[in-house]
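# A look at the structure
Each chain, written out:
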Amino acid sequence: MPAPRLSVVVTRRLPERVETRMKELFDVTLRESDAPMSREELVAAMRDADVLVPTLCDHIDANMLAQAGERLRLIANFGAGIDHVDVASARSRNVLVSNTPGVVTEDTADMVMSLILGVTRRIPEGLAMMSRGEWTGFSPTALLGGRIGGRRLGIIGMGRIGQAVARRAAAFGMQIHYHNRRRLRPETEADLHATYWESLDQMVARMDVISVNCPHTPATFHLLNARRLKLMKPTAVIVNTSRGEVIDENALTRALKAGELAGAGLDVFEHGAAFNPDLRQLPNVVLLPHMGSATIEGRLEMGEKVILNIKTFADGHRPPDLVVPGVL
């Protein structure tokens, strides 16, 4: 007799190809609606499943894990970010947690450059003018933006995505600077032509563009707070494709409204969809609905990693993308 298939609950709609392959391999309960599960629905899923497949919208805390059933043994996250899951509490209950690192590096780095160009070249303002039918022809002084070549880019978080951003930005002629928990190896730093700053305060005060590419952890919460934002040059631009909690959103909004910063490009927000409404009214702000990883290729690769993690676990082995609490 073949071993019974694992019971897997998926909390959101995934690409059809991913869902179909999961159905072939496991006893899967798919989500009919694309709305996030409620807290009660998540707890119910964890009571009955061997494996839960959540996304970043599914906040799973210690209290919820305490209500999980004895069957739950793996949380196979669809996404690289894992700050929405209490990994330490999960492991204390012998529940493993895996994620999908690396697959959206290039996609997110592309979006960083899109936001930098969108803000500095005032692309949304031009699009809005065209949509309203207000354009009457070329004007030498209309919608003047700035050239990014020669500007200093300060990257906060020089992991996979930060390094991919550095390579793209260098191709645009930008000067690369970075702040990171650990300094890169000398050969990597030389390859990226990157200047390391141990002091984040000193770096942000000198940059023309800041790109946030670090994860959200207790140490990075409001890393860019009101005090640090005031250190930035009034001509500077800030871009965030990582986690909204890294920036004090209200302080950023105040700085933009006061003209203390030249602009911002935001793909993530401190409180998700409930972002500061004043940001919508600012012409020098580009807002996107968390699109940094939104490519067909990236989503399919994420799904393949989820399946590989579950299949490896089902075969009695350690999932290849196991998240270890001590190295978060």
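As the structure is a computational prediction, the values presented were derived from the model and not from experiment.

## Concerning the nonpolar core
It is characteristic of soluble globular proteins that their nonpolar side chains tend to be buried jointly. In this structure, Ile 210, Leu 224 and Ile 238 are the most contacted members of the largest nonpolar core, which totals 29 residues. Elements with a minimum of two residues in this core: α9 (200-204), β9 (209-212), α11 (249-257) and β11 (263-266). Here Ile 238 is in contact with Ile 210, Leu 224, Leu 229, Met 232, Ile 247, Leu 252, Gly 263, Ala 264 and Gly 265, once residues within four sequence places are set aside. In this structure, Val 119, Met 174, Leu 192 and Val 239 belong to the second largest nonpolar core, which totals 25 residues.

## Observations regarding the pattern of salt bridges
For the coordinates displayed, the defined rule picks out 21 salt bridges. One salt bridge connects Glu 125 with Arg 122, and the closest N-O pair in it is separated by 3.0 Å. For Arg 122, a relative accessible area of 27% puts it in the partly exposed group. As a salt-bridge pair, Arg 228 and Asp 201 come within 2.6 Å of each other at their nearest N and O atoms. With Arg 228 in helix α10 (residues 226-231) and Asp 201 in helix α9, this residue pair connects regions lying 27 residues apart in the sequence.

## Let's talk about the UniProt feature "domain: D-isomer specific 2-hydroxyacid dehydrogenase catalytic" (unreviewed entry) in the chain
Per the UniProt record, the feature "domain: D-isomer specific 2-hydroxyacid dehydrogenase catalytic" (unreviewed entry) sits at residues 8-323. Structurally, residues 8-323 is divided into 36% helix and 14% strand, and its ends, taken at the C-alpha atoms, are 19 Å apart.

## What to know about helix α12 (residues 296-314)
Between the first and last C-alpha of α12 there are 27 Å, a value that for 19 residues agrees with the 27 Å anticipated at 1.5 Å per step. The inward-facing, buried residues of α12 contact β1 (7-10), α1 (16-25), β3 (51-53), β4 (74-76), β5 (96-98) and α5 (105-120). Gly 316 occupies a position one or two residues after α12 and carries a positive phi of about 90°.

## A word on the sheet that holds β3
Read across the open sheet, the five strands follow the order β2-β1-β3-β4-β5; overall the sheet is parallel. At either end of the open sheet lies a strand with only one pairing partner, and these are β2 (27-29) and β5. Taken pair by pair, the neighbouring strands of this sheet meet at an average axis angle of 20°, ignoring direction. Direction of pairing for β1 relative to β2: parallel, over a ladder of three bridges. Pairing of Ser 7 across the sheet is with Asp 27, part of β2. Strand contacts of α12: β1, β3, β4 and β5, with the helix running at about 160° to β4, the strand carrying the most contacts.

## A few points about the UniProt feature "domain: D-isomer specific 2-hydroxyacid dehydrogenase NAD-binding" (unreviewed entry) in the chain
Here the UniProt-annotated "domain: D-isomer specific 2-hydroxyacid dehydrogenase NAD-binding" (unreviewed entry) positions come out as residues 113-292. Strand forms 16% of residues 113-292 and helix 31%; the C-alpha atoms that close the span are 11 Å apart.

## Looking at the sheet that holds strand β7 (residues 175-179)
Taken together, seven strands build an open sheet; the order of strands is β8-β7-β6-β9-β10-β11-β12 and the sheet is parallel. Both outer strands of the open sheet, β8 (194-196) and β12 (285-287), are each paired with one neighbouring strand and no more. Strand after strand, the sheet turns through a mean of 20° between neighbouring axes, direction not considered. In this structure, strand β6 (residues 152-156) lies alongside β9, joined through four bridges in parallel fashion. Opposite Leu 153, over in β9, you have Val 209 as the bridge partner.

## Remarks on the environment of Ile 310
Turning to its location among the elements, Ile 310 is positioned in helix α12. Residue classification places Ile 310 among the buried residues on the basis of a relative accessible area of 0%. Along the backbone, Ile 310 and Val 53 are 257 residues apart, and their C-alpha atoms lie at a distance of 9.4 Å. Ignoring anything within four residues of it in the chain, the contact list for Ile 310 reads Leu 6, Val 8, Phe 26, Val 51, Val 53, Leu 74 and Ala 76.

## Structural notes on the packing of α5 against helix α7 (residues 160-171)
The contact between α5 and α7 brings their axes to 8 Å, and the two run at 50°. Taken together, α5 and α7 sit at an angle that is classed as oblique. Crossing hand, α5 versus α7: right-handed. Counting all contacts with α5, which are made through Thr 105, Glu 106, Thr 108, Ala 109, Asp 110, Val 112 and Met 113, the residues of α7 involved are Arg 160, Ile 161, Ala 164, Val 165, Arg 168 and Ala 169.

About the cut-offs
Residues numbered from 1 in each chain as written. Predicted model: local features only at pLDDT ≥ 70, side-chain atom pairs only at ≥ 80, totals over all residues. Heavy atoms only, no water. Core = buried A, V, L, I, M, F, W, Y, C linked by side-chain atoms within 4.5 Å. Buried < 20%, exposed > 50% of the residue type's maximum accessible area, 1.4 Å probe, protein only. Helix = DSSP H or I, 4+ residues; strand = E, 2+ residues; numbered from the N terminus. Contact = heavy atoms within 4.5 Å. Salt bridge = Lys/Arg side-chain N within 4 Å of Asp/Glu carboxyl O. UniProt positions renumbered as here; feature names shortened; annotations may be inferred. Expected span 1.5 Å × (residues − 1). Pairing = 2+ DSSP bridges. Axes fitted to C-alpha atoms, helices over the stretch in contact; angles between N-to-C directions. Parallel < 35°, antiparallel > 145°, perpendicular 65-115°, else oblique. Left-handed = near helix turned anticlockwise from the far one by under 90°.

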